[in-house]
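What the coordinates show
In case you want the letters, here they are:
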Amino acid sequence: MKNLLLILLFILPLCANAQSDELTIVKRVANHVCDMSNHDLIVNTDGSCTIPCYYQEWRYVNGVLGQAMIDLSQATKDEKYQEMVKANFDFFFDKTNFQYLKNQYDKGVRDYGYHRFFSMSSLDDCGAMGAALAKLNAIYPKAEYVDYLKKIEDYILSGQGRLEKGPFSRDEGVNETVWLDDLYMSLSFLTQYGSLYNKLVCLKLAADQALAFTNYLCDTRNGLFYHCYYVHENRPGVAHWGRANGWCLYALALLLDVLPSEDPQYSSVLDIYKNAVADVCRYQDASGMWHQLLDKSDSYAETSCTAMFAYSIAKGINKGWIDSGYGTVVNIAWKALTEQVTPQGELLGVCIGTGTSRDLSFYYNRPTPLNDAHGLGAFIQCGIEVSKMKKD
């Protein structure tokens, strides 16, 4: 009996610490999101509506977060994270909520909390949210989900603007532009939906877009990517913005994860990914972070792009796409990232949503409010991938 007690005393602490330190920190961030979330709809006497919880709103950042929360449930075997995602989507598909919100939309109200659910006129409206919905439908199949996913597929394949035989573009009046962000906004959906539902046309388009965006936006002098390209001026923008480059590497990792190795474009996509990893690593700060402007060390260290780079590189190590020697890059990045998490599970140092600009000062001076949602999904997915890397 005494020996049995000694064995139990030894085993129980191990069981309690079975999840990695990485997942413990990630759960702190995810739990804060859960604690701050609700699925309420405030309907006023005049019929106007308000969604009081930011995490409930239909925004691309919540699509990134939704994908991450589903991944976290799979990593921790705790369904509460994916159940939160399900509740978020079911809010919009609830017949009563839908009718209230649609009535307001039809009256011309363009509330940022929900209008994109109805408009579907840009990749921001549907790409990342559609990716999360595709992953959710694989767990909790619903006809309403499938119907909406088909609408997204039709829009991206046939409705989204693009240059002739080139990348997706944004028609901004006389100034049509290509945004590097849109590589992720499109590929997040095309890769998840294409792989889960055997839509080969989506995977082919994703590979084509990876090559097209690289052709337009990669700066051959340093391997970094410009934030945008001005089509009518036939020239790139001014900034090698950190998060835009993060979206790019993030998207390439998602694509390589599902693109068959025998695909004619696979080797080209892999080369782009390898080159991007090698080139971005040259700009990692001694602290482990990357900067708001990657090639401007006097710009601030930025959390979301650091998480995206670390995730994408760790993914490449885990999948065997790149040498394991890059693990040191990931490790110092992760250590730096953990120092950006408050005891309450909030993130520091995340740049707010950022459009394109012709002057670098715009990027230098972007605010970093506490726990900005643009970093949450990337941080959670980064921690999960780093945990896998360290196990291996």
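To keep things clear, this report deals only with the structure shown in the data block. (Residues numbered from 1 in each chain as written. Predicted model: local features only at pLDDT ≥ 70, side-chain atom pairs only at ≥ 80, totals over all residues. Heavy atoms only, no water.)

Let's talk about the nonpolar core
- Counting residues in hydrophobic clusters, the biggest one holds 130 residues, and the most contacted among them are Met-69, Phe-89, Ile-156, Tyr-273 and Ile-380.
- In terms of residues, this core owes the most to one element, helix α11 (residues 242–258), which gives 11 residues.
- Beyond its immediate chain neighbours, meaning those up to four positions away, Ile-380 contacts Val-26, Val-29, Ala-30, Leu-65, Ala-68, Met-69 and Leu-72. (Core = buried A, V, L, I, M, F, W, Y, C linked by side-chain atoms within 4.5 Å. Buried < 20%, exposed > 50% of the residue type's maximum accessible area, 1.4 Å probe, protein only. Helix = DSSP H or I, 4+ residues; strand = E, 2+ residues; numbered from the N terminus. Contact = heavy atoms within 4.5 Å.)

So, the packing of aromatic side chains
- For the coordinates displayed, the defined rule picks out 28 aromatic pairs.
- Ring plane angle 85° and centroid distance 5.7 Å describe the contact between Trp-58 and Phe-89, whose orientation is recorded as edge-to-face. Residue Trp-58 is located in the loop between β2 (49–50) and α3 (60–76), and its partner Phe-89 is located in helix α4 (residues 80–93); the two are separated by 31 residues in the primary sequence.
- Given a relative accessible area of 1%, Trp-58 falls into the buried group. (Phe/Tyr/Trp six-rings, centres within 6.5 Å; stacked < 30°, edge-to-face > 60°.)

Brief notes about the sheet that holds strand β5 (residues 235–236)
- Within the open sheet, the three strands sit side by side as β3-β4-β5. Their pairing is antiparallel. Two strands lie at the open edges of the sheet, namely β3 (177–179) and β5, each paired on one side alone.
- Two elements, strand β4 (residues 228–230) and β5, share two bridges in a ladder whose sense is antiparallel. Bridged to Tyr-229 within β5 is Pro-236.
- Helix-sheet contacts for helix α10 (residues 200–217) involve β3 and β4, and the interaxial angle to β3 is about 115°. (Pairing = 2+ DSSP bridges. Axes fitted to C-alpha atoms, helices over the stretch in contact; angles between N-to-C directions.)

Observations concerning the side chain of Thr-214
- Assignment of secondary structure puts Thr-214 in helix α10.
- Using a relative accessible area of 16% as the deciding quantity, one classes Thr-214 as buried.
- One polar contact links the side chain of Thr-214 to the main-chain carbonyl oxygen of Ala-210, over a distance of 2.8 Å.
- Among all residues touching Thr-214, those that are not within four sequence positions of it are Phe-225 and Ile-272. (Polar contact = N/O pair within 3.5 Å; in protein donor to acceptor, adjacent residues only side chain to side chain.)

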